[in-house]
Amino acid sequence: MAANPFVYGEVVPPSAFVDREVELARLVTDLAASQKVFLISPRRYGKSSLIRQALAALARRRVLTVELSVASYSSYVAFLEGYARHLLALERRAERARPWLAGLLESFRPEVRVEPRTGGGQQLSVAFPTIKHARDEVRLAEEVFRLPARIAASTGRRLAIALDEFQVITAYDGDTIEAALREAVQQQREVGYVFAGSEPTLMEQMVTPRRPFYKAGPLMRLDRIPSDVFTTFVETRFRRSGFRVEKGLGAALVELAGNLPYDVQRLAHELWDDARVAGWRAVSVDTLHRTLRRLLGEQATLFESVWQRLTLAQRAALRAVVFEQGRELLSADVRVRHRLGGPSSVQSALLALQRLDLVMREGHGRYQVMDSLFREWVARKTY
Ligand SMILES: Nc1ncnc2c1ncn2[C@@H]1O[C@H](COP(=O)(O)OP(=O)(O)O)[C@@H](O)[C@H]1O
Ligand SMILES: [Mg+2]
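Quick caveat, the model's predicted, so the values are computed rather than measured.

Reading guide: rules and limits
Residues numbered from 1 in each chain as written. Chains lettered and ligands numbered in written order. Predicted model: local features only at pLDDT ≥ 70, side-chain atom pairs only at ≥ 80, totals over all residues. Helix = DSSP H or I, 4+ residues; strand = E, 2+ residues; numbered from the N terminus. Buried ≥ 20, exposed ≤ 12 C-beta atoms within 10 Å, placed from the backbone. Contact = placed C-beta atoms within 7 Å. Pairing = 2+ DSSP bridges. Axes fitted to C-alpha atoms, helices over the stretch in contact; angles between N-to-C directions. Near = placed C-beta within 6 Å. Nonpolar A, V, L, I, M, F, W, Y, C, P; charged D, E, K, R; others polar. Domains from an automatic or database assignment. Expected span 1.5 Å × (residues − 1). Parallel < 35°, antiparallel > 145°, perpendicular 65-115°, else oblique. Left-handed = near helix turned anticlockwise from the far one by under 90°.

Caption draft 1: A look at the overall build of the protein chain. Along its length, the protein chain carries 16 helices and eleven strands. Each of the three principal axes of the protein chain carries a C-alpha extent, and together these read 65 × 55 × 35 Å. Every one of the 383 residues in the protein chain was classed for burial, and the buried ones make up 37%. Look at the contacts in the protein chain between residues 6 or more apart in sequence, and 68% of them connect residues 24 or more apart.

This is the structure we're talking about:
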C-alpha cells in the first residue's frame, strides 16, 4: 500500500517539498559564497525544511554541512558541547575524530567519547568538565566559534552551518554571545552560515543597529507558499494515490488550513488517512469536513484547557480575531460588536495572545490564529 504523501511535524522530505525555488536557489548561492544569512519567519512556515534542502544541495557540491537547533539545549555550555559535537561529526571515522578535536580545543581538555547509538552505530559525545565559571565559558565559546574555520583549513573544504531557532541564543547571555559569534563568523571566508529564527520580533531586533549582527549579511524572510501552488500539490497527490478529487477540495483545504504550510500538510495527511481507512474512492469538501470534525474531537481537551487559562479579555479578543479575520480589531465597530472594551485593553490582550503563541501578527497588521484547528474550535465551541 502506498505511503501517505503528506508530511507534517518534521522537516519535509524532498518528495513532499513544494515551491520555494527562488528561496532555495538564493540560500544555496549565498551559503556557497560564505555569506552569513538571517532567515526569518513565524514557526512552521518551512525554514528548517528549506535549510535541509539547501544543505543537501551544498553537500552534493562537496561542502561540509552542519545543522543544529539552538533550542535543543538547556544551557550555554550544553549548546557549545552540542555545537562542538556536530562539528566533530564531520570527521566520519569516529575514532579519528577524537584526537582531532582534542587537538583543536587543547586548552579545554574536552572529554570526547565514542558511544554506541541506540538503534545501532556509534556516536560521539563531547563534554567540557573543566568549565566552571562564566569567564571560562566566554573563552570556550571563542574557541568553539573558531572551530569551523580551522576545520575548513585542515580539510581544504568549505563549510555551511545552519543554526536553527537562533533567537534562543538571546536567552543564554545576550549580547556577549552575539558579539563573540559575530566576531568569529565575520572572519571565516570559507564558511557560510544561516541563522534561522521563529520569533520574527526577536530575530528582527537582532539585526538592528547597535546589535552585533547588524548588517552581518543578507536577510531572508520566508513568506507563505502561494495558495494555488499548494492547492495543485494537494490535488495532484491525492490523484496519484488513486483518489478521485471532487471540485473545490484543494482550495477548501488550503483555505481551512489558513494556508500555513504545516496546517495544509496536516489536514491533507489526516484526510488521506481517513480516506484510506474508510475506503472512500473520492475526496471532497464533505469528506474534508468529516476529517476536520474528527481532529477537533481529538484536540478538544487540549483546546478547552488552553481556553480556560485565558482571561476574559483575552477570550473576547481571540474570538474577535477569529470572526473578524484578524482585521480592524481596534476599531470602535469591532470593539462594540465583540464587547472588547477600550483600544488599549484590546491591544494588551492581543499582545498576551501573541506571547502565548496563539495568535500572530502578520505584515499588514492583520492578526491570525496560529493553529487553524484551534481557530475552528473557537469558532464552533465558544460563545
Ligand atoms: N516547502 C514546503 N513544502 C511543503 N510543505 C512544507 C514546506 N515547508 C514546510 N512545510 C510543512 O510545514 C511543516 C513545518 O515546516 P518546518 O520546516 O519545520 O517549519 P519551521 O522550521 O519554519 O518551523 C513541515 O512539516 C511541512 O508539513
Ligand atoms: Mg524549524
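Caption draft 2: Spatial organisation of the sheet that holds strand 2 (residues 64-69). Across the sheet, which stays open at both edges, the five strands sit in the order 2-5-6-1-7 with parallel pairing between neighbours. Where the open sheet ends on each side, the last strands, each with one partner, are strand 2 and strand 7 (219-221). Adjacent strand axes in the sheet meet at a mean angle of 15°, parallel and antiparallel pairs treated alike. By the bridge criterion, five bridges tie strand 5 (residues 159-164) to strand 6 (residues 191-197) in an arrangement that is parallel. Each bridged residue has a counterpart across the sheet, and for A162 the counterpart in strand 6 is V194. Together, strand 2, strand 5 and strand 6 form the strand contacts of helix 5 (residues 134-155), whose direction differs from that of strand 5 by roughly 155°.

Caption draft 3: Seen up close, the pairing of strand 5. Among the six residues that make up strand 5, six are buried, leaving the element largely enclosed by the rest of the structure. Of the two faces of strand 5, both are covered, the one formed by L159, I161 and L163 as well as the one formed by A160, A162 and D164. Examined bridge by bridge, strand 2 and strand 5 share six bridges and lie parallel to one another. Residue T65 lies in a different strand from strand 5, and its bridge partner there is A160.

Caption draft 4: The arrangement of the site of ligand 1 in detail. Surrounding ligand 1, one finds 23 residues, the nearest of these being G46, S48, S49, P261 and Q265. Only helix 2 (47-60) and helix 11 (261-278) provide two or more residues apiece to the shell around ligand 1. The residue makeup of the shell around ligand 1, split by class, is ten nonpolar, seven polar and six charged. Residue contributions to the shell around ligand 1 reach at least three from each of two domains, namely domain 1 (20-221) and domain 2 (225-309).

Caption draft 5: Structural view of helix 11. Taking 1.5 Å of rise per residue, 18 residues should cover 26 Å, and helix 11 covers 26 Å from first to last C-alpha, within 8% of that figure. Taken together, the buried positions of helix 11 are P261, Y262, D263, V264, Q265, R266, L267, A268, E270, L271, W272 and A275. Against helix 9 (227-240), helix 10 (249-256), strand 9 (282-283), helix 12 (285-308) and helix 16 (372-381) lie the buried residues of helix 11. Following helix 11 by one or two positions, G279 adopts a phi angle in the positive range, close to 70°.

Caption draft 6: View of the domain arrangement of the protein chain. Each assigned domain of the protein chain is listed with its residue range as follows: domain 1 (20-221), domain 2 (225-309) and domain 3 (310-383). Centre-to-centre, using C-alpha coordinates, domain 2 lies 24 Å away from domain 3. Counting from both sides, the interface comprises twelve residues of domain 2 and, opposite them, nine residues of domain 3. With six residues, the single largest contributor to the side of domain 2 that touches domain 3 is helix 12. Looking at side-chain class alone, the side of domain 2 that touches domain 3 contains eight nonpolar, two polar and two charged residues.

Caption draft 7: Structural view of the environment of I177. One can find I177 in helix 7 (residues 175-186). Exposure remark for I177: the 21 C-beta atoms within 10 Å place this residue in the buried category. Those residues in contact with I177 that sit more than four places away from it in its chain are A141, I169 and Y172.

Caption draft 8: Structural detail: the packing of helix 5 against helix 7. Between helix 5 and helix 7, whose axes approach to 9 Å, the crossing angle comes to 30°. Here helix 5 lies roughly parallel to helix 7, going by the angle between them. Of the two possible hands of crossing, helix 5 and helix 7 adopt the one that is right-handed. Of the residues in helix 7, those touching helix 5 at V138, A141, E142, F145 and R146 are T176, I177, A180, L181 and A184. Partitioned by chemical class, the residues of the contact of helix 5 with helix 7 number seven nonpolar, one polar and two charged.

Caption draft 9: Structural context of helix 2. Here helix 2 is 14 residues long and its end C-alpha atoms lie 20 Å apart, about the 20 Å a rise of 1.5 Å per residue gives. Taking burial as the measure, the 14 residues of helix 2 include ten buried ones, the bulk of the element. Buried residues of helix 2: K47, S48, S49, L50, I51, R52, Q53, A54, L55 and L58, and no others. Considering only its buried residues, helix 2 is in contact with helix 1 (21-32), strand 1 (36-40), strand 2, strand 5 and strand 6.

Caption draft 10: Geometry of the pairing of strand 6. Within strand 6, seven of the seven residues are buried, leaving the element largely enclosed by the surrounding structure. Alignment of strand 1 against strand 6, held across five bridges, turns out to be parallel. Counterpart to L39 in the pairing with strand 6 is A196.

Caption draft 11: Here's a closer look at the environment of R266. Structurally, R266 is set in helix 11. Using a count of 21 C-beta atoms within 10 Å as the deciding quantity, one classes R266 as buried. Separated by 199 residues in the primary sequence, R266 and E67 place their C-alpha atoms 25 Å from one another.

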